[in-house]
Structure formats: structure tokens, C-alpha cells
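Residue-level listing of the chains:
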Amino acid sequence: MECWHRIEITESGRPILREGERDIFIDYAVGLYDGKHRVVDKQSGRVFLTSQRIIYVDDGNAAEHSVFLELDNVRSTDYSSSFLKRSARVIIFLKESTSINFQAKQKRKILKKAAKEERTVSHWTCPICAFANETKGKVTESSPNVVCVNCGIPADFASIQDTLSFTKITVDTSQNVCPSCTFINHPYLTNCELCGTRLVNSQVDLTALREAPSKVKLGIDSFVQLSFRKSDGTLFSQALNKLLDKQRKQDIFNKDVVSVNGVAVNENEIKRFQESFSAGAQNNNSIELLQDKFGSVGISGLERTRETQLANNDILFTSALSDMNKLISLANNIERLFNKSGGFQSNNNNASSVNTSLIIDRDKFLNKDLFLDEIARDIYEYSIAEFRDSNNNGNIMITLVDLYAMYNKAMRICTGLISPEEMREACGRFEKLGLKELKLMKINNRILCISSTNSLNYVSTQIVNFVTKSPGSDILKISQFLNDDTAKANWTVGVLVEMLQYSVDEGVLVLDEQLTGIYYYKNDFW
Amino acid sequence: MTVPPIYAFPPLYTRQPNAIIRNKQIDSWEDILLTTARENGLWEIDTEGKFTSQTTQELPPHLQGSIFSNESIGRTAPPLFVKEILSHMLTKGSLVQGGSDTTSAYLVLWKNMDSWASLMLEWCETTNKLGQVVTLYELTNGDESIGWDFHGMPQGLAARCLRLLVKRGRATMLQDEYDRDIAVKVI
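Residues numbered from 1 in each chain as written. Chains lettered and ligands numbered in written order. Predicted model: local features only at pLDDT ≥ 70, side-chain atom pairs only at ≥ 80, totals over all residues.

Trainee: With reference to specific residues and values, describe the overall build of chain A.
Mentor: Helix and strand counts for chain A stand at 14 helices and 21 strands. When each of the 526 residues of chain A is scored for burial, the buried share is 24%. Of the contacts made within chain A by residues no fewer than 6 positions apart, 59% connect residues no fewer than 24 positions apart. (Helix = DSSP H or I, 4+ residues; strand = E, 2+ residues; numbered from the N terminus. Buried ≥ 20, exposed ≤ 12 C-beta atoms within 10 Å, placed from the backbone. Contact = placed C-beta atoms within 7 Å.)

Trainee: Break down the sheet that holds strand β7 (residues 133–135) of chain B for me, citing the residues and quoting the values.
Mentor: All names here are of chain B. The sheet built from three strands is open, its strands ordered β7-β9-β8 with antiparallel pairing. Every interior strand has two partners, whereas the edge strands, β7 and β8 (171–175), have only one. Across this sheet, the average inter-strand angle for adjacent strands is 30°, counted without regard to direction. Judged from the three bridges that link them, β7 and strand β9 (residues 181–186) form a sheet pairing that is antiparallel. (Pairing = 2+ DSSP bridges. Axes fitted to C-alpha atoms, helices over the stretch in contact; angles between N-to-C directions.)

Trainee: Would you mind going over the nonpolar core in detail, with residue names and values included?
Mentor: Burial of nonpolar side chains together is a common tendency in soluble globular proteins. Ranked by size, the top nonpolar core spans 71 residues in total, and within it Val47(A), Leu49(A), Ala376(A), Ile379(A), Ile398(A), Cys427(A) and Leu509(A) carry the most contacts. The residues touching Leu509(A), leaving out its near neighbours within four places in the chain, are Val464(A), Val467(A), Leu500(A), Ser503(A), Val504(A), Tyr520(A), Tyr521(A), Lys522(A) and Asn523(A). (Core = buried A, V, L, I, M, F, W, Y, C linked by C-beta atoms within 7 Å.)

Trainee: Give me the lowdown on the sheet that holds strand β6 (residues 106–108) of chain B, citing residues and values where you can.
Mentor: All names here are of chain B. The strand order across the open sheet built from four strands is β2-β1-β6-β5, with neighbouring strands paired in antiparallel fashion. Each edge of the open sheet is held by one strand with a lone partner, namely β2 (51–52) and β5 (95–97). Taken together, the two bridges between strand β1 (residues 44–45) and β2 define a ladder with antiparallel strand orientation. When the bridges of β2 are listed, Glu44 appears paired with Thr52.

Trainee: An account of the interface of chain B and chain A is needed here, citing residue identities and associated values.
Mentor: Listed per partner, the contact involves 13 residues of chain B and 13 residues of chain A. Of the residues belonging to the side of chain B that touches chain A, the class tally is seven nonpolar, five polar and one charged. (Nonpolar A, V, L, I, M, F, W, Y, C, P; charged D, E, K, R; others polar.)

Trainee: Help me get a handle on the packing of helix α3 (residues 113–126) of chain B against helix α5 (residues 155–168) of chain B, residues and values and all.
Mentor: All names here are of chain B. Direction vectors running N to C along α3 and α5 enclose 75°, while the axes themselves pass 8 Å from each other. On the basis of their axis angle, the class for α3 and α5 is roughly perpendicular. Residue-level inspection shows Met113, Asp114, Trp116, Ala117, Met120 and Leu121 of α3 in contact with α5, the latter providing Arg160, Cys161, Leu162, Leu164 and Leu165. For the contact of α3 with α5, the per-class residue count stands at nine nonpolar, no polar and two charged. (Parallel < 35°, antiparallel > 145°, perpendicular 65-115°, else oblique.)

Trainee: Now, about the confidence of the model for chain A: what can you tell me, with residues and values included?
Mentor: All names here are of chain A. Across chain A, the average pLDDT comes to 73, with 72% of residues at or above 70. Of all the helices and strands in chain A, helix α8 (residues 349–354) carries the lowest mean pLDDT, 36, while strand β21 (residues 517–522) carries the highest, 88. Here residues 98–115 scores under 50 on pLDDT; set against residues more than four positions off or in separate chains, the count is 21 contacts. Confidence drops under pLDDT 50 across residues 205–220; counting only partners more than four residues distant or on other chains, this segment forms 27 contacts. (pLDDT = per-residue confidence, 0-100.)

Written as C-alpha cells, this is what we have:
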């Protein structure tokens, strides 16, 4: 449990990302396992995969039960498909360093004493381009080939031996310097204040933020599991692996080079080569076995053939069983897919034939429903953030048309633009998602608006007050009054038009229609 | 005569989109029209809302043009709206078709026909004209009717009112050689 840290959640139930952090994938109905035990209060939630973290947001109590896991702490991942009643899982093995956080408190004392850490830097000259290189650590004969920064050619120890020299550099670790932008951060920050890079020298005791002490002790082989209740989790697992791979390779020099001077350099290439080699070796092996079969005589020979046969059978059976597992999971998936599509057809018999206008190709989401939920949360958040500080009394009101334009201009979800229908549907979901502050309402039976609960009365009284004060105002004057510097409001003209229409329909205001425009008066006479 | 304050209220000259408000607005117009007619002793109005005077006396300056336009605030009610107001008054009975000279003019009834008829009957009773022949001119322009509301009433309208008395059996109309009503005898 120590590897999970508490995370702040916005009102609409989305995690607050760090600067420079992007979300990559979202999965739904996920439960958390710590080792082999389920975590009691985190069994149903959404999981966000971001460029830096894995974030779990609880469905029930998002504010308190949501946690995140740093990707830096992940050593490797594994995937196990669903089998019978067991749902699909992604197993995440953690690095030891996570458990070191345990003793962070004790360590911090030591750190403070040895705040000035000494590091050795080796200087050597490239034998080819004569560039003066610097390498961290001591370069010895046993250390792997160092690569010249200038020409990129690995130099062997013998040729640089003459130019080698070492210097010791003292690094002040108490200063918490950002590795990428060299900004000196506060020692307790975990991420750089300026660029968001994770800080190596951070002294913060991350575990101090943990919410509940866990009985499970994290050993070296500690792992956590994500259990996917609805989806099969493969997409999530793939995305995670891809991300981890990318992170590991990020700092490798010449990472995309396949071979240098005909010698394979790339890790993958080497692996592939080795595999092909070992495959060849195996083939040889089987040939040998065959030869064995015929070549051996007597009881011992028969026994040996029997043994090898048994071993072969064993291998065959295990592979067959694993094949069957895969087959069952496939069948399950197909069945689920069939049920889903069948249900969909029966539900939307009449609508589906008409509503084929837009197909969601956002691969982050499993189906349109989930996508709309996410969009709804996003729109909610966006409109609150956009209008909360601009309106003095926290009243929000905006026509859907305006909101659509603004939202798509801002384009906050990296999936791109959304369609008007999607926006409308998403806005209709606020109530379902427990987002209470805003709702979709129809003004004058024709215009859809997103508004907070009492904003309608608020705006109309504002308008009527102003018109009473200065009769014969046109919409321009009203809008100027409502949006002037002192009021700091931000009512769009679209909303004002509707509100004026509303007031006229109510009989509070009357019009004076002239060639120059429509002027509004308080209804004093009728 | 005083102009009601609503006459200077610019929205009065715009047809209000809200039906309830509009009905009240039309009522306001009717009120203005009738009050103006009563206070100025005017009886006829044309389709554009211009009062026509039977007497030689000059109309007050604000009634020179149409009543539906207010020069001082620069507002004029659109012709369609004027038509709507007038037709509303016609159905209510406060206007009747048929002026003296043109067919397009209306007669303004700031009291309804029955009231006029009763008032004329009352005049006959108070001036001892029962059983006598009274010419319509005498009734509407004679010295004896000065001070009565129907003084100055067009003779055509007076004849119409008196016909109600004929119906009640209280009067007999007398015609000239062209079959025009010319005198009445109230019994």
C-alpha cells in the first residue's frame, strides 16, 4: 500500500495532472489488489494511465479513496487474461526503491549529514575525433564501452587509457536541483516547479501522505494488481508496457541505431539475433534427440526415450492448456461483445438507424457511453473553471452554442473535437454523474443552456434592475453594464438575448422597436 | 386638456410580443382615444388615427396629426398596429363605421349607443320637448343642448342613437324628401 499515494481530485471526479503530464488511456470498473489481497475500499473505479503515473479514481468516494502510483517505481508488468470467474489482471512489479521510502524518515537524517555527496567524473579523449568527454563514475577496464558524445563511436579501454583522468565533484544534494532545467527547487518538492520533471534529490517522505497503514509489508518482490472487471485490460496493459519501454529508452544514447559497423547495437536486434540463434540450436537439439532414439539400445535406452517422450508430452499438454485458456478468454470476449451489441440493438431499435452520424474512434475509450461520461466531466470542469472567477456570485449561464465553440477551441481532451450531438448528450449526463452544480436547461422552449441553479433569476433581476434604472436601454448597453470592470461578469450576448426574451415573455419588460434597434423598458403601465 | 403620462412611454408605440401585455396596451390606446375625443369634443376619426373636427374651431396642436404618432418623443405606431387597435375598438363597440363624408372614417363612441339614447331622452324630458318635433340640428347644435355631452354630435350619429328610442317605442323619426332623418318626436 505504501507505493500508492493520495491524489487530489477535481470536483467533477478527474485527477489533477502535473505540468507536462498527459493522460494516455482510461479504463473503467477496475479494482486494486495489493499483492494478492484486494484493497477493501478500492474495488470499483476508473484507472488513468498518464505519462507519469497510474491513477486510480474511486467511483464512490473520489475525493478520499483515489490514489496514484508513480511509473518510476514500476519495475515490470505482467498480464493475465480472464479465466472462468477470474477477471483479467495487470500485475505491476515494483522497484525496491519504493520500499526505501519506508525508512525515509530515518534516512533523511543521514541525508542531512551527508548533504554534500561526492561523485567521480572520468575525463577521457576520444581516439577518433579527439573530443574531451566526461563520463559519470570511474571508467575501468571492466566497465562497458563508453561512447564518445561527439562522434558516437564506442571507444575501447585500451585506446583511452592514456588520456583517462578522474576528478571528484561534490554535489549538494540538499539543494534539490532539477535534472533537466537546473532550477533549484524546495527540498520537499517531488516534481520541478518549472518544468514538472521528477526530482531525484527530493527529500519528501511520500509515505507520510498515505491514508491507512497497511499490514502488508513490501518486500523486494512486491507487486500490485489491477483487476479489470468489465474490459479485458489488454489495451491498458499494452499502453502501459509501451510507455514503460519508452521511458526506459528515453535516456539511451543512439537508441534508434540498429548496428554500427555491421555489429548489432540495438537491444532488440541483439535479442532477435540471439533468439534466432537459440531457435537454431533447439532444432539441432531435436535432431540429436531423434538420433538418440534410434541410436540407443537396451533397457536404459528405452527408459531414456520413454523419459524424453514424457517430457515432450508434458510440454505439449501445458501448451495445449494455455491455448485452451486463451481460447476460453476469447470465447468469453466474443460472447460479451455479442451480448453488448445485441442489447444495444434492442435498446436503440429506432434511434440507431438514424443516429449513425458520428462514430467514436477515440481509442482511449471502450465505447461511446464511457467517452461521453468523460466528456461530460470535462465540460463540467471546463465551464466551472472558465466562469467561476468571472462571475461575482458564482452564477453560471451559457448557451450550448457558445459553450460548444469555446470548448472546442480549447480542445482539452487530446482526442480532438467533439460533435454538437456529443456535447448535448454529455451535458445531459451531469445529473447522472453526480455533478450537481450545473444543469442543462431549456430557456424560452428553444435555447439549451448550461446554467447553475439560481442563475436564471439572478440574471433576470440584474437586467430588470438595470432597465428600471435607465429605461430605454438596448442590449448593448445592458451587456456593457453587466460585463463592466466592477461586476467582472462574463455574460455572453446569446444569454442576454434569451434572458431579455424571457423577461418580455414574463411581462416584466416591454419593448420599443425602432429602426435603430430594440429598446427595453420596465413594464410600469400594464 | 392633459395628456396621460403613458402617451410619452415609447413602448406604447411598439406592438408588444407578449399577448397579455398587448391586450393591455390596446386597452390603453382605446382609453387614450376616447378620453381625447371626449375632452376635445371630437366625434370622427379616420383610419390613420386623425381626428376630424366638425366645428370650425382649431384642433389643439398635438391633434393636428395622427393620434398614433407622438412628435415630442419621435415615436409612431406602425399602420398595421393602428389597424389592429381600431378593429379591436370596432368589435368592442366603441367605434362605429360610417363617418359623415367618407366611408373610411369611424365615429368615436365614448359612451355607448344606449347611453346616448337615454341621455337624449333625459334632455327631452328636462327641456319639455316631449311630444314635440325636434330637428336633429336643434338637438345637436341648438342652444338648448349646450352643456350636454351630445352637443356637437354629428347628425348621422344622433339619428342612429334616436333609432334605438324608436325601437323602444319612445320616438318617431321624421324624414325629408330624400329619405334622410331630419327630425324626431319623442313621446
